[in-house]
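Coordinate analysis (summary)
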Amino acid sequence: MNIEVARSRIRGFMSVQSENPELLRAQYRAFTRQMPMMYFILLSSTWALAMTHMRVAPSWLTTGVPSVLTFGCLLRMFFWLRTRNVDPSPELAHAALKRTNRLAGGIAVAFTLWSFALVPYGDAYTRSHVAFYMAITVISCIFCLMYVRSAAFIVTLIVNGAFIAFFVSTAQPTFIAIAINVLLVCAGMMSILLTNYRNFESMVVSKQRSDALSHENFRLANLDSLTGLANRRAFFADLEVELEKARASGQRLALGVMDLDGFKPVNDLYGHSVGDRLLVEVANRLSGILKASTPFRLGGDEFAIIAPLPPENDQLVINANAISARLKEPYHMPEGTVHISASMGIAVFPDLALSREQLFDRADYALYHAKKRQRGGAVLFNADHEQQINCDAKIESVLKQADLEKELSVVFQPIVDIRDETTVGFEALARWDSPTLGRVSPACFIPIAERAGIVGSLTRPLFRKSLIAASCWDAPLRLSFNLSAHDLNTNEGVLAIIGIIESSGFDPQRLDLEITETAFTHDFEQVTQSVETLRRLGCGISLDDFGTGYSSLTRLHALPLTKFKIDRSFVTNLHQKPASYKIVKSLLTLSADMGLDCVIEGVETEEELAALKALGGTSVQGYLFSPPLPEEQAMEFAARNGRQYSKIAV
């Protein structure tokens, strides 16, 4: 009976146990990090030994056998590397570790027999190398296999047993001493391995107990501590649950993703404590409005609403707009009355969205359109949006593979002083002629490049081409060039811009770098620092599309600006729109008060021009004077600088 118990214990000790699934997964994860290193050490040592025997041993021993062993080891190395980031199931982990346990014996036998086959060849030095190889290899294997003790013991018994028996049998005192020394070292290492394995096992068990005790903490982890709403983690979990229910019952499910408009200026003006209280008020209003739907706070000023069994699409949008209208009502704080709005994007399952990720992405895409075209309202994702997504994805794919130096070009639109109709400079505008897509509008591909984070790869070739062209102009003429927020929100991006300027030889004091207000919403401090660096270089800094963004005047006053540009949306039919007329008048007055130059974009009719002259505008650009011109035609206009500028028929 005692013998059977002993056998059972030995079998259990020398096999991979499956009682604890979490321990199996922990062993597997540890192996994905350590096994590639073990095979690397084994192969590098093997080829080092093979090289010392190449002159004295047959080639099949020094090249053929190591090649076969290397092939097998590389297969196992690639397996562990490929599964490094896999979170295995207990079954998968157990199967992989059992396979490793079996292979450990086979690999140990193969390498041991090969080592012994080399012993008869060479002199005492080469035989000593064999002894060193076997000793150092087994030590490295013990370390790398420590989290599966059975595999470590199998390798040790096979290699050390054969090693000690063989070298003791030589009756050579040095080899006998080495064998005894290796035996003692491995015995000590196996003792350490057992201790480390017990500690590893205890750590995993302790973690399991800790996880069992943290159920309440998990509940709290799914709660937003500021607003009391369920947080982002709970949102995705609940969305998956509700989506499964909708699939099972054949019902619809609506998701609304909402973002607050004007929240960042509140933080900037009143401080984060007021911003936090504002978020609490928004959460309270949402909770009060919603009955059958569940609100979540995703983070920052972004919220989400999961609506099971939503009404038909038209009514759904009406309900969403009612929510936005309620959130738009003033918030009365001790520090003052705060006004914000909320834009919402909506996607419906199974209408054009079938998975959790697709539902969220499409609601987020609809939110992007709401903030761009219907700020403060709701937009429902529709077939047109789906078509646009597919089109954008194709453009992004082609853009990433494009030869930008060859396919991108620059055109130049004159900036005219309307007092004497002379050219004072040109704005560089991007053009992309794709061999695959043909001519693609910059209004299309530039936003796509920005969202994909690759706009910097467009900026650099366009900027170089613009500076090369502008270098041929007469000295008074200025060049305006648009920079993206991505070009300014890192030190590396700014250094790249400076490097292009310096290598071009173009005078930076004739350069106006245009930046939109939205650039300052990314990282105000970093972008401000970048702008100040460019300003110290001598570049002018122009705020593009002024009046269409949401930056506070306090922020704008703190920026080292030299100029701003009034967006064409305020200029169109200026003479027929009293509101636009007053806005342009106010902006021109503001530019004068701040001591900044002002360029007015989008002038297309004589009536608009007359109204701007009456308001005191001086610098304009638009199709009334000229469309954007290719480089050669721009050079002709540059050559005529200082003479009266003749309008070009469009």
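Everything numeric here is computed off the predicted structure, so don't read it as measured data.

1. What to know about the sheet that holds strand β7 (residues 378–380)
Spatially, β2-β3-β1-β6-β7 is the arrangement adopted by the 5 strands of the open sheet, whose pairing is mixed. Because the sheet does not close on itself, it has two edges, and the strands there are β2 (294–299) and β7. Here the strands of the sheet are splayed against their neighbours by 20° on average, with no regard to which way each runs. Where strand β6 (residues 341–349) and β7 come together, 3 bridges link them in parallel fashion. Bridge pairing in β7 links M344 to A378. Contacts from helix α9 (residues 232–249) reach β1 (253–261), β2, β3 (302–308) and β6 within the one sheet, and its direction differs from that of β3 by about 20°. Helix-sheet contacts for helix α12 (residues 313–328) involve β1, β3, β6 and β7, and the interaxial angle to β6 is about 155°.

2. So, helix α11 (residues 272–289)
When the terminal C-alpha atoms of α11 are compared, their 26 Å separation across 18 residues agrees well with the 26 Å that a helix rising 1.5 Å per residue should span. Those residues of α11 that sit buried are V274, G275, L278, L279, V282, A283, R285 and L286.

3. What about the confidence of the model for the protein?
Atomic detail in the predicted coordinates should be set aside for any region of low pLDDT. Summarising the model, the protein shows a mean pLDDT of 84, and 92% of its residues fall at 70 or more. Predicted confidence in the protein is weakest over helix α1 (residues 2–13), with a mean pLDDT of 61, and strongest over β3, with 94. Contacts from residues 642–650, a stretch scored under 50 in pLDDT, to residues over four places away or in other chains number 28 contacts.

4. Some details on the side chain of K565
Mapping K565 onto the fold places it in strand β14 (residues 563–566). Accessibility expressed as a relative area gives 1% for K565, which makes it buried. Separated by 2.9 Å, the side chains of K565 and E427 make a polar contact. Not counting chain neighbours up to four residues away, the residues in contact with K565 comprise E427, E514, S542, L543, D544, D545, F546, V599, E601 and Q621.

5. Quick word on the pairing of β14
Where burial is concerned, the two faces of β14 agree: the one with K563 and K565 and the one with F564 and I566 are both buried. As judged from the 3 bridges shared by strand β13 (residues 540–546) and β14, these two strands associate in the parallel manner. Bridge assignment links F546 to a residue of β14, and that residue is I566. Bridging between β14 and strand β15 (residues 597–600) involves 4 bridges; their strand directions are parallel. Each bridged residue has a counterpart across the sheet, and for K563 the counterpart in β15 is D597. For the handedness criterion, the β-α-β arrangement of β14, helix α21 (residues 578–593) and β15 is classed as right-handed.

6. So, the environment of N482
Mapped onto the elements of the fold, N482 is located in strand β11 (residues 478–482). Between the alpha carbons of N482 and A430 there is a distance of 9.4 Å; along the sequence they are 52 residues apart. Each residue touching N482, except ones within four places of it in the same chain, is listed here: E427, A428, E514 and D544.

7. Remarks on the pairing of β1
Most of β1 sits out of view: 9 of its 9 residues are buried. Where burial is concerned, the two faces of β1 agree: the one with L253, L255, V257, D259 and D261 and the one with A254, G256, M258 and L260 are both buried. In this sheet, β3 lies alongside β1 in antiparallel orientation, the contact comprising 7 bridges. Considered in β3, the bridge of L253 is made with P308. Sheet topology places β1 next to β6; 9 bridges connect them, and they run antiparallel. Paired with V257 across the strands is G345, a residue of β6.

8. Quick notes on the pattern of salt bridges
Applying the stated criterion across every chain yields a total of 25 salt bridges. Residue R439 is joined to D433 by a salt bridge in which the shortest nitrogen-to-oxygen separation is 2.6 Å. When its relative accessible area of 55% is taken as the criterion, R439 is described as exposed. Within the structure, one salt-bridge network assembled from shared partners comprises D259, D261, K371 and R375.

9. Thoughts on the side chain of E608
Considering the arrangement of structural elements, one finds E608 in helix α22 (residues 606–615). Buried within the structure, E608 lacks any salt-bridge partner; its nearest side chain of opposite charge belongs to R568, at an N-O separation of 6.5 Å. Discounting residues that sit within four places of it in the chain, E608 has contacts with V571, T572, N573, L574, H575, G602 and V603.

Conventions adopted
Residues numbered from 1 in each chain as written. Predicted model: local features only at pLDDT ≥ 70, side-chain atom pairs only at ≥ 80, totals over all residues. Heavy atoms only, no water. Pairing = 2+ DSSP bridges. Helix = DSSP H or I, 4+ residues; strand = E, 2+ residues; numbered from the N terminus. Axes fitted to C-alpha atoms, helices over the stretch in contact; angles between N-to-C directions. Contact = heavy atoms within 4.5 Å. Expected span 1.5 Å × (residues − 1). Buried < 20%, exposed > 50% of the residue type's maximum accessible area, 1.4 Å probe, protein only. pLDDT = per-residue confidence, 0-100. Polar contact = N/O pair within 3.5 Å; in protein donor to acceptor, adjacent residues only side chain to side chain. Right-handed = clockwise from strand over helix to strand, strands pointing away. Salt bridge = Lys/Arg side-chain N within 4 Å of Asp/Glu carboxyl O. Lys, Arg positive; Asp, Glu negative; His and termini not counted.

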